[in-house]
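# Coordinate inspection notes
Here is how the chains run, residue by residue.
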Amino acid sequence: MTQQEQVARLAADAAQLLLANGGEIYRAQQTIEHIGAAYGAPQINAYVLTNAVFVSLDGSEGGNVSEVRYVRSRSMHLTRVSAVNDLSRRIAKGKVSLEQARCELERVRMLPPSAPWLQILACGAGTACFAYLFGGNGWDAFAAFWVGILLQPLVLFLGRHKADQFISNTLCAVLVAVASVLAVQALSVLGIECSLDKIIIGGIIPLVPGIALTNAIRDVANSDYVSGTIRAAEALLIAASIALGVGLVLKLCALIPGVTL
């Protein structure tokens, strides 16, 4: 394999790793350019979409070297994004050889996510805080905490089984709404009044596509209109699935005698 082929492959793999773990389009583009410039391919050409990477450069014998990567699934793993960014900076400074860069990139790819119990605890704490921040009281935050504790295992389960994004978010929203209604009913039996809307709002915050929407705005600002439009459509689809899940549960509960919302 020629050096140009190795450079193209390394650049495409790095960009793919960024996109698969929540990185922005412009960051993947810059990483490809930094790698190309550092290893003797300043005219490297790249086209990056939300789920695809195209890298091309001139070969040593006049031919063209191209690499294409398809991003099959995306998740949030900002530790990997940070590690790739750090590697890119060191490559740009000339501190990493091509072979070392390849080895380091594979190491970054194998970085494990946070422990499941930590993700579950963080989800519970996050839902409780958001329920309180959106005007809930201490009991609302307490109920939202347990909603988050129930939500994250389902998120992890659906993620492991590569569930469709629309179905996954709808099911998670259904769980949030059902758990919130049950929590309100249980606390009302004890004479404690809670705000169902505050608990549900806190519970769905982990599902809200904040990063997708932020990246969509950033892509449009950087003139990446195709990627920005795709990300915006993705954010709207996720929001619609969340609304559908919560709305179905609340509508069904309203039809059940004795259930007060």
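Summarised in this report is the structure supplied together with it. Fair warning: this is a prediction, and the values are worked out from it, not measured in the lab.

## Digging into the environment of Ser97
By the element assignment, Ser97 lies in the loop between α3 (78–92) and α4 (98–109). Given a relative accessible area of 33%, Ser97 falls into the partly exposed group. In sequence terms Ser97 and Asn45 are 52 residues apart; their C-alpha atoms lie 21 Å from each other.

## Some remarks on the pairing of strand β1 (residues 45–48)
Regular strands place their side chains on alternate faces of the sheet. In this sheet, strand β2 (residues 52–58) lies alongside β1 in antiparallel orientation, the contact comprising four bridges. Looking across to β2, one finds that Val48 is bridged to Val53. Here β1 hands over to β2 after three residues, the two strands then running antiparallel side by side.

## A closer look at the side chain of Ser241
Relative to the assigned elements, Ser241 resides in helix α10 (residues 225–255). Residues within four places of Ser241 in sequence aside, it is in contact with Phe166, Asn169, Thr170 and Ala173.

## Structural notes on unusual backbone geometry
Positive phi is not limited to glycine here, since Lys162 has a value of about 55 degrees. Along the chain, the position of Lys162 falls in the loop between α6 (138–160) and α7 (165–189).

## Examining the packing of helix α8 (residues 196–204) against α10
The contact between α8 and α10 brings their axes to 12 Å, and the two run at 150 degrees. As summarised for this structure, α8 and α10 are arranged roughly antiparallel, according to the angle between their axes. As α8 runs across α10, the sense of the crossing is right-handed. The residues of α10 that touch α8, namely those facing Leu196, Ile200 and Ile204, are Ile242, Val246 and Leu250.

Calculation rules
- Residues numbered from 1 in each chain as written.
- Predicted model: local features only at pLDDT ≥ 70, side-chain atom pairs only at ≥ 80, totals over all residues.
- Heavy atoms only, no water.
- Helix = DSSP H or I, 4+ residues; strand = E, 2+ residues; numbered from the N terminus.
- Buried < 20%, exposed > 50% of the residue type's maximum accessible area, 1.4 Å probe, protein only.
- Pairing = 2+ DSSP bridges.
- Contact = heavy atoms within 4.5 Å.
- Axes fitted to C-alpha atoms, helices over the stretch in contact; angles between N-to-C directions.
- Parallel < 35°, antiparallel > 145°, perpendicular 65-115°, else oblique.
- Left-handed = near helix turned anticlockwise from the far one by under 90°.

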